[in-house]
Amino acid sequence: GEVVRAALGDRVERPAIFEKLVGDRRLGRKSKRGFYLYEDDKGARAQGKRVDPAVYKLLGWQARPFEDREILERCWLQMLNETARCMEEGIITNPADVDIGVIFGFGFPPFRGGLLREAGRHGLPWVVDRLGGYAEKHGERLRPAALLREMAGRGAGFYR
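Calculation notes
Residues numbered from 1 in each chain as written. Predicted model: local features only at pLDDT ≥ 70, side-chain atom pairs only at ≥ 80, totals over all residues. Heavy atoms only, no water. Helix = DSSP H or I, 4+ residues; strand = E, 2+ residues; numbered from the N terminus. Core = buried A, V, L, I, M, F, W, Y, C linked by side-chain atoms within 4.5 Å. Buried < 20%, exposed > 50% of the residue type's maximum accessible area, 1.4 Å probe, protein only. Contact = heavy atoms within 4.5 Å. Salt bridge = Lys/Arg side-chain N within 4 Å of Asp/Glu carboxyl O. Expected span 1.5 Å × (residues − 1).

A.B. asks: An account of unusual backbone geometry is requested, with residue identities and associated values reported.
C.D. replies: Unusually for a residue other than glycine, R25 sits at a positive phi of about 60 degrees. With respect to the helices and strands, the residue R25 is situated in the loop between α2 (17-23) and α3 (41-47).

Here it is in structure tokens:
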């Protein structure tokens, strides 16, 4: 977390909960303690992961459900936002490289055509609006990148 934060600054927050989890020796599967219950590997895989309710108490949280749609959108829209920032900085110049990279590197669903194709399917005005709403709710890291705002304003897309 610190290495990524040193490279990207405030755009990536290191979750404070990690220190609490490590302090409680919740290191995941290898310690059989973490966010999830690890009774036995065969049972956990067959039944799916179950959250350890003690984690909520340790972190001082109450379970508050998010809609599946919000979880999905926040994941891919934040990745898109960082991609746009990399494009602003000249790190990425070819949209096809992004889409190929996320499909083969991250396992982004190939039938969606990649991250930038997915953004194009929704339209950049929609992307900017959704990111802006999430930024208001969850913090500046979700504020739409300048490139996204500029492209949405002129009706542009990554492939046109």
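A.B. asks: Explain the nonpolar core to me, using residue names and the numbers behind them.
C.D. replies: In terms of nonpolar packing, the biggest core is built from 25 residues, with W76, L80, L124, V127, L148 and F158 touching the most fellow members. Among the elements of the structure, α5 (68-88), α6 (95-106), α7 (115-122), α8 (124-138) and α9 (146-153) are those that each provide at least two residues to this core. A per-element tally of this core places α8 first, with 6 residues. If we skip the residues at most four places from it in the chain, W76 touches F108, L115, E118, A119, H122, W126 and V127.

A.B. asks: Mind laying out the pattern of salt bridges, listing which residues take part and the relevant values?
C.D. replies: Scanning all chains against the criterion turns up 14 salt bridges. Between R26 and D52 there is a salt bridge whose closest N-O contact spans 3.1 Å. Within this pair, whereas R26 is found in the loop between α2 and α3, its partner D52 is found in the loop between α3 and α4 (53-59), the two being separated by 26 residues in sequence. Across the pair, D52 and R26 agree in class, each one buried. Overlapping salt bridges, with partners in common, bring together D24, R26, R33 and D52 in one network.

A.B. asks: So what's going on with α5? Which residues, and what values?
C.D. replies: Between its first and last C-alpha, α5 extends 30 Å over 21 residues, near the 30 Å set by a 1.5 Å rise per residue. Every buried residue belonging to α5 is among E70, E73, W76, L77, L80, N81, E82, T83, A84, R85, C86 and M87, and all of these are buried. Where the residues of α5 are buried, they touch α1 (2-8), α6, α7, α8 and α9.

A.B. asks: Can you break down the side chain of D52 residue by residue, with the values?
C.D. replies: Residue D52 is classed as buried on the basis of its relative accessible area of 13%. When residues no more than four places from it in sequence are discounted, the contact partners of D52 are R26, G34, F35, Y36 and L37.

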